[in-house]
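# Observations on the three-dimensional arrangement
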Amino acid sequence: MTARSAMTRAGHVPTAVSLLLAQPFLLLLWLAIGAFPVWAETGASLSGVVTDQAGAALPDVAVTIKIVDTTETRTIATDRSGHYQASGLPAGRFDIRAAKQGFSEQTRTGISLAVDQGATVDIKMQPKAADPCTSGHEFATTDCALTWHGITLFGAYDVGLGWVSHGLPVNGYNYEGESLVNRNGNHSRFLVAPNNLQQTGLGVRGKEEFMPGWSVVFNASTGINPNSGLLANASLTDINNNGLPRASYSEAIDGARAGQPFNDEFYAGISSTQFGTLTFGRQRSLGTDAMLQYDPAGGGYAFSYIGYNGTMAGGGDTENSRWDDALKYRLTYGPVHFGAMYKFVNGSGGCYSAVTGWTAADCTPEKPHNNAWGFDLGGNYHKFSADAVYQHYNQAISVVNPLLGAQSQSPGQSFQSTMDSVNTIPITGANLIDPTNTVYGIVTDNNAIMVAAKYAWDPFKFYAGYEYIWQNNPSNPLGVGADDQGGYLMSGVEDDNLDSQKLVQIWWAGVKYAYDKKTDVTLSWYQQRQNTFRVPATCSPGNYRSSCAGTLNEVSLYLDHHFTKRFDGFAGIAYSYVSGGLDIAIPHGPGVPYNYPDNFAPTIGGRFTF
C-alpha cells in the first residue's frame, strides 16, 4: 500500500463519520419542516390592538388565531400597548378569539387572507359581569355581584368631611355638597360633605336573554343624601328658602333630581348583539353619558364643575341632564358607536299673559311643547377615543333660587308674574295658584354641540372637551302653573328673559396619573363663559347684571386610593371663582353681586360601591 492510498483511505474515514453524524440533524430538520408546513408555506399576517371599553390598551390578552380549514391554532399575548401580531400564516379563513380575566371573551370571524396578505383586526373588550356573591366576606373583599335570577342590586355610599371658605348651612335635600362657589355663600365652615366622587344611591338592573342574541334590559336607580337618608331633591332646596331673607338661606341648587322615587333613571327596553339597544323611560341625556366618560373627575361633585353643575350635560340647563318620556337608541359597530334620543311632550303648559296688570281672566291656557332630541357619534382608535354630541330641548327650565317672598305674602297679594331682563309684568288681584311649595323659572329653547376626547398614554390619561350652547326665548311660552320636574308647579315664569341670543361656552381639560395599580392622582380645569345678551348693554363695572358677559373657573386636584375592590379613600381640593355677569346673585336685583366671588373647598372622605 502506498502512502497516497493510505492517506486516501484515512480521508474517507472522517467523511463517512461526518455523514453519519449529520444524518440525525438532517432528519430532525426534515421532521421540523414537515411538522409545521401550514405556518411556513406563506407569509400572510394578522395584527391589531386590544382595548377596553374606554379605549385603554389591554396587555397580556390571550389572542388565539384559528385556521378554519385545518382547525389548527396559534395563541399569542398582547404587549404593554395592547398590540398583537402573527406572521407566517397560510392563505385561508381565520377566526380570532381574545380572552382575559375580568373581561368577556370577544370573537372575530369571517376573516380571509390571500397569499402574503396582511389584515388589521382591532378588538374592544367589555368587562365581564361579576360572579354572584356567595358570602358576606366575599361581598366585602371582592367585586362579586349581588345578583339573583338575573337581577342585580347595585349602589354606592360616598361621604366625607370638608371645609369651605364661603358656604351656607346645609339641608337634608341637597345632594351636591358645597364645593362650587355659591351666590349666597357667606362664612367659612366645616361640614359633612355628601357624594364627593359619586352619588350615593341604590338601583336594580337586569339583562335577560329571551332568544339567541336578544335580551330584555331594565334599570331603576335613585340618588340619596347620605347625611339625611332623604331622596335627592333639588327643587325642595329652593322651596325651603322661599320667602326668607338672604342671610337666612340654606344651600340651594338646581338639578334633574327632584325627589322622584327613581330620580336617576327608570327605563326598560330591548337589546340585540347585532342591532343595538332601544330603551324607553326616564334616562340620562346623551350629554350626561358623554360627561361621565370624558370628565377627568368622572362627574364627582366635589371636584368637577361639569359634574356639579349640569349646564354642559343638559345642553344648557342642569334640569335637562335627565329626560323623562324618552326613547334612547345605542349601537356599536366595530370601533364606532352611535346614539340617538327623543323626548316626547309631557306635563301642563300653565296659563300665560303678556298684558300689563293681567288677571286670571286674561290668562290664556298654554300647551306644553317640551319635546327634545339629540345625537351622538363617536369611536375608538387604539388608545384614543372621541365623541360629538348634539342636543336640542324646547321649553327648557332653569329655576331661579329662591322665590322672593313666596311664603311671606298672602295668596291675595300681587305676586305671580311673567318677566324679562328689563321689565316685570305683575298680576293684578288674587294669585292664580297658591305660591306655597312652588318654584320660579326662566324658560328657553336650547341647542348645544359638544366634542370631547381622551387619550391613554401609560401611566397617564388625558381628557379635553368643549361645548357651545345657544339659547333663545321659547317659541311657545309657558305660563303660571306649568309643570316643572318632579311634579312641582311654577308660580312665576320668565318667557322673555333674553333680549338677544344667549351664548354659553364650556371648556375643560385634565389628566389622571396612575401612581400604581391602586392609586390615581387627578388634576382638572373647567371654565364657563357667557356673552352679553341684554339690549342695550349696561355692563360697566359696578353695574353688572346677570345678562352681562361673565366667566366661571374651577380647578381641582385630588388623590384616590383603592384599599379593596369596593372601598376607596380620597383627599383633594377645589377652587372656583366667578366674574362679570356670572357674579350677579339673581333674583336679588340688578347689580347685586355674590356675597363672595370665590370658594376654596378641601375635602377628605371614602366611598363604598357594590
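Let us look at the structure shown here. (Residues numbered from 1 in each chain as written. Predicted model: local features only at pLDDT ≥ 70, side-chain atom pairs only at ≥ 80, totals over all residues. Heavy atoms only, no water.)

Direction of pairing for strand E9 (residues 146–148) relative to strand E10 (residues 151–167): antiparallel, over a ladder of three bridges. Across the sheet, the residue bridging to Leu-146 is Leu-153, located in E10. Count of turn residues in the E9/E10 antiparallel hairpin: two residues, of which His-149 carries a positive phi of about 55°. Across six bridges, the pairing between E10 and strand E12 (residues 201–211) is antiparallel. What sits directly across from Thr-152, in E12, is Arg-205. When E10 meets strand E31 (residues 598–609), the two strands line up antiparallel, connected through seven bridges. Following the sheet pairing, Leu-161 is matched in E31 by Ile-604. (Pairing = 2+ DSSP bridges. Helix = DSSP H or I, 4+ residues; strand = E, 2+ residues; numbered from the N terminus.)

Moving on, we get to the pattern of salt bridges. Enumeration over the complete set of coordinates arrives at eleven salt bridges. One salt bridge connects Arg-97 with Glu-105, and the closest N-O pair in it is separated by 3.7 Å. Between Arg-322 and Asp-264 there is a salt bridge, and its shortest N-O distance comes to 2.9 Å. Highlighted residues: Arg-322 in strand E16 (residues 322–333) and Asp-264 in the loop between helix H4 (234–239) and strand E14 (265–272), separated in sequence by 58 residues. Here Arg-322 matches Asp-264 in class, with each residue buried. Through salt bridges with shared partners, a single ionic network connects Asp-264, Glu-265, Arg-284 and Arg-322. (Salt bridge = Lys/Arg side-chain N within 4 Å of Asp/Glu carboxyl O. Buried < 20%, exposed > 50% of the residue type's maximum accessible area, 1.4 Å probe, protein only.)

For the structure on display, the rule yields three disulfides. Across the disulfide, Cys-133 is cross-linked to Cys-144 (sulfur-sulfur distance 1.9 Å). Taking the sign of the S-S torsion, 95° for the link of Cys-133 and Cys-144, the bridge is right-handed. Taken as a pair, Cys-133 in the loop between strand E8 (123–124) and helix H3 (136–141) and Cys-144 in the loop between H3 and E9 lie far apart in primary sequence, eleven residues in all. Disulfide connectivity for the protein, with bonded cysteines indexed by sequence position, reads 1-2, 3-4, 5-6. (Disulfide = S-S within 2.5 Å.)

Now for the sheet that holds strand E2 (residues 62–67). Whether parallel or antiparallel, the strands of a sheet pair through hydrogen bonds between backbone atoms. If you trace the four strands from one edge of the open sheet to the other, you get E3-E2-E5-E6, paired in antiparallel fashion. Because the sheet does not close on itself, it has two edges, and the strands there are strand E3 (73–77) and strand E6 (106–113). Adjacent strand axes in the sheet meet at a mean angle of 20°, parallel and antiparallel pairs treated alike. For E2 and strand E5 (residues 92–99), the ladder comprises six bridges, and the chain directions are antiparallel. From the neighbouring strand, Ile-67 faces E5, where its bridge partner is Phe-94. (Axes fitted to C-alpha atoms, helices over the stretch in contact; angles between N-to-C directions.)

Moving on, we come to helix H5 (residues 286–294). An α-helical segment advances 3.6 residues per turn. Residues three or four places apart therefore align on the same side. Burial within H5 is extensive, with seven of its nine residues counted as buried. Every buried residue of H5 is accounted for by Leu-286, Gly-287, Thr-288, Asp-289, Ala-290, Met-291 and Tyr-294.

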